Amino acid sequence: MQLTSHDRCVLHLASRDAEGRLGFYLDEDGVITLVGKGDVDPVPAEESLPKLEEGGLLSLDLCRSYVLTPKGWEAVWALAEIA
């Protein structure tokens, strides 16, 4: 799977939480914005959520959040090693 820089940004945002959670909200225009842990600016979801879900890197949790899967954590660690 080819990850865009935005996909990497979303994965990094999720990895800031110990459980790999990403909160999200839908604005009045129907745009999904992702919220990470800490004082990090929200990130627009763009096309990353369906792609990362389909690739098995994120999954939708019952608590209105996305969660990194084990495969998602591996991708984050691999990106950290490259940087």
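For the structure itself, consult the block above.
Student: So, the sheet that holds strand 4 (residues 58–61): which residues are in play, and what are the values?
Tutor: Here we have five strands laid out as an open sheet, ordered 3-2-1-5-4, and antiparallel in their pairing. The open sheet has two edge strands, strand 3 (43–44) and strand 4, and neither has a second partner. Here strand 4 runs beside strand 5 (residues 65–68); their pairing, made up of four bridges, is antiparallel. The partner of Leu 58 across the bridge, within strand 5, is Leu 68.

Student: Provide a residue-level description of the packing of aromatic side chains, including the pertinent values.
Tutor: Two aromatic rings, taken as a pair, are described by how far apart their centres are and by the angle between their planes. Per the stated rule, a full pass over the model turns up two aromatic pairs. Here Phe 24 and Tyr 66 contribute two aromatic rings whose centre-to-centre distance is 5.5 Å and whose plane-to-plane angle is 55°, an arrangement assigned as tilted. Residue Phe 24 is located in strand 1 (residues 21–26), and its partner Tyr 66 is located in strand 5; the two are separated by 42 residues in the primary sequence. Residue Phe 24 is classed as partly exposed on the basis of its relative accessible area, which comes to 22%.

What counts and what doesn't
Residues numbered from 1 in each chain as written. Predicted model: local features only at pLDDT ≥ 70, side-chain atom pairs only at ≥ 80, totals over all residues. Heavy atoms only, no water. Pairing = 2+ DSSP bridges. Helix = DSSP H or I, 4+ residues; strand = E, 2+ residues; numbered from the N terminus. Phe/Tyr/Trp six-rings, centres within 6.5 Å; stacked < 30°, edge-to-face > 60°. Buried < 20%, exposed > 50% of the residue type's maximum accessible area, 1.4 Å probe, protein only.

These results come straight from atomic positions and should not be treated as a statement about function.
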